[in-house]
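Architecture and fold: a report
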Amino acid sequence: MSFLSKDTDAFKRVLHRQDYASWHSQPAANVNTQLVYAVDYLKSTPNPMRLQDIAIVTNTPLDNDVILLEKFKSHDRIQYDPKTDLYSYRHDFNFRNKAALLTEIQRQTRKGGGIPVRALKESWKEAPQAIEELEKEGEVLVTRTVKDGQLRMVFWNEIKPDEESGGIPIEKEFLDLWHQLKVPNDVDLLKALASEGLQATAAETPIPKAPSTKKKGKRSAPRQRQVKITNVHLKGEIDLSRDYHSTTK
């Protein structure tokens, strides 16, 4: 048998043993797109799911594509429970009711910061509604967007509006007067301060740079370089600052 025939038979035997389902994988870009679909869906559902159910809902070959499954399992947000054979999404926070939400807000506020409401909503869809209820109860303080007033950040209110917690409720009349105040513009503010014998706090102003007087297209005269005279032994006999030219007759 020739060498060509032997190579052909060997190649056929390799193809016969090959698993085409795993060998013929999707292109890398397509696999990454399918991975995003699967992860995003698991992120949107609060309950763990079977791998086959995720594949059916997302219409992805997650249960038989080896490369896609490997990337899915190694994703830093995917959790797998071998006891139940279920997959779940790992959120930044883990709570499912208003009491647990308040506990998480208190924990983060004690660390010195608030929590973005968007991150809380990803963990629990009912979080914005619960935050608004906690705000009315005086348990939390929130910041809102200027454009549409949407919830932005939430903080734990350590001083409640009651005497037992160190504070007292503010009368509505005072709140209305406070919100009706308008900050004057810079010119009117300076006039108001001057009328009261006051002045604005002086801030350090940068020293303005002098405008450049150089004109384009013209070069400045080169500076004359200082020459250090080293022949000190000739001092008094020859004027070294002069150029001597030989005179031709």
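Residues numbered from 1 in each chain as written. Predicted model: local features only at pLDDT ≥ 70, side-chain atom pairs only at ≥ 80, totals over all residues. Heavy atoms only, no water.

Some details on the pairing of strand β5 (residues 151-156)
- Where strand β3 (residues 115-116) and β5 come together, two bridges link them in antiparallel fashion. Bridge pairing links isoleucine 115 to valine 154 in β5.
- Examined bridge by bridge, strand β4 (residues 140-144) and β5 share five bridges and lie antiparallel to one another. In the strand pairing of β5, threonine 143 is matched with methionine 153. (Pairing = 2+ DSSP bridges. Helix = DSSP H or I, 4+ residues; strand = E, 2+ residues; numbered from the N terminus.)

As for the pattern of salt bridges
- A complete count under the given rule lists eight salt bridges for this structure.
- Its salt-bridge partner being glutamate 137, residue lysine 98 comes within 3.1 Å of it at the nearest N-O pair. With lysine 98 in helix α6 (residues 98-110) and glutamate 137 in the loop between α8 (127-136) and β4, the pair connects residues that are 39 residues apart, well separated along the chain.
- Accessibility expressed as a relative area gives 26% for lysine 98, which makes it partly exposed.
- A relative accessible area of 45% places glutamate 137 in the partly exposed class.
- Salt-bridge contacts for arginine 107 lead to glutamate 104; the nearest nitrogen and oxygen are separated by 2.6 Å. Taken together, the positions of arginine 107 and glutamate 104, both in helix α6 and three residues apart, correspond to about one turn of that helix.
- With a relative accessible area of 39%, arginine 107 lands in the partly exposed category.
- Its relative accessible area of 12% is what places glutamate 104 among the buried residues. (Salt bridge = Lys/Arg side-chain N within 4 Å of Asp/Glu carboxyl O. Buried < 20%, exposed > 50% of the residue type's maximum accessible area, 1.4 Å probe, protein only.)

A few points about the nonpolar core
- By size, the foremost hydrophobic cluster in this structure holds 19 residues, and its most contacted members are Phe95, Leu101, Ile105, Leu120, Ile131, Val140 and Val154.
- Elements supplying a minimum of two residues to this core: α6, α7 (117-123), α8, β4 and β5.
- When residues in this core are grouped by element, the largest group, four residues, is from α8.
- Once residues within four sequence positions are removed from consideration, leucine 120 is found in contact with Phe93, Phe95, Leu101, Ile115, Ala127, Ile131 and Val154.
- Membership of the second largest hydrophobic core comes to 16 residues, among which are Ala38, Leu62, Leu68 and Ile78. (Core = buried A, V, L, I, M, F, W, Y, C linked by side-chain atoms within 4.5 Å. Contact = heavy atoms within 4.5 Å.)

Details of the packing of aromatic side chains
- Scanning the entire structure with this criterion turns up three aromatic pairs.
- When the centroid spacing of 5.5 Å and the interplanar angle of 55° are considered together, the rings of phenylalanine 72 and tyrosine 87 count as tilted. In this pair, phenylalanine 72 sits in helix α5 (residues 66-73) while tyrosine 87 sits in strand β2 (residues 86-89), placing the two residues 15 residues apart along the sequence.
- Residue phenylalanine 72 is classed as buried on the basis of its relative accessible area, which comes to 0%.
- The class for tyrosine 87 is buried, based on a relative accessible area of 4%.
- Through successive ring pairs, a cluster of aromatic residues spans Phe72, Tyr80 and Tyr87. (Phe/Tyr/Trp six-rings, centres within 6.5 Å; stacked < 30°, edge-to-face > 60°.)

Brief notes about the confidence of the model for the protein
- Looking at the protein, the pLDDT average stands at 77 and 65% of residues meet or exceed 70.
- Here residues 17-26 is modelled with pLDDT under 50, and outside its nearest four sequence neighbours on either side it reaches seven contacts, counting other chains as well. (pLDDT = per-residue confidence, 0-100.)

Describing the side chain of threonine 109
- Structurally, the position occupied by threonine 109 is in helix α6.
- A polar contact is formed between the side chain of threonine 109 and the backbone oxygen of isoleucine 105, at a distance of 2.8 Å.
- A polar contact of 3.0 Å, which involves the side chain of threonine 109, links it to the backbone nitrogen of tryptophan 156.
- Non-local contacts of threonine 109, meaning those with residues more than four positions away in its chain, are made with Phe155, Trp156 and Glu158. (Polar contact = N/O pair within 3.5 Å; in protein donor to acceptor, adjacent residues only side chain to side chain.)

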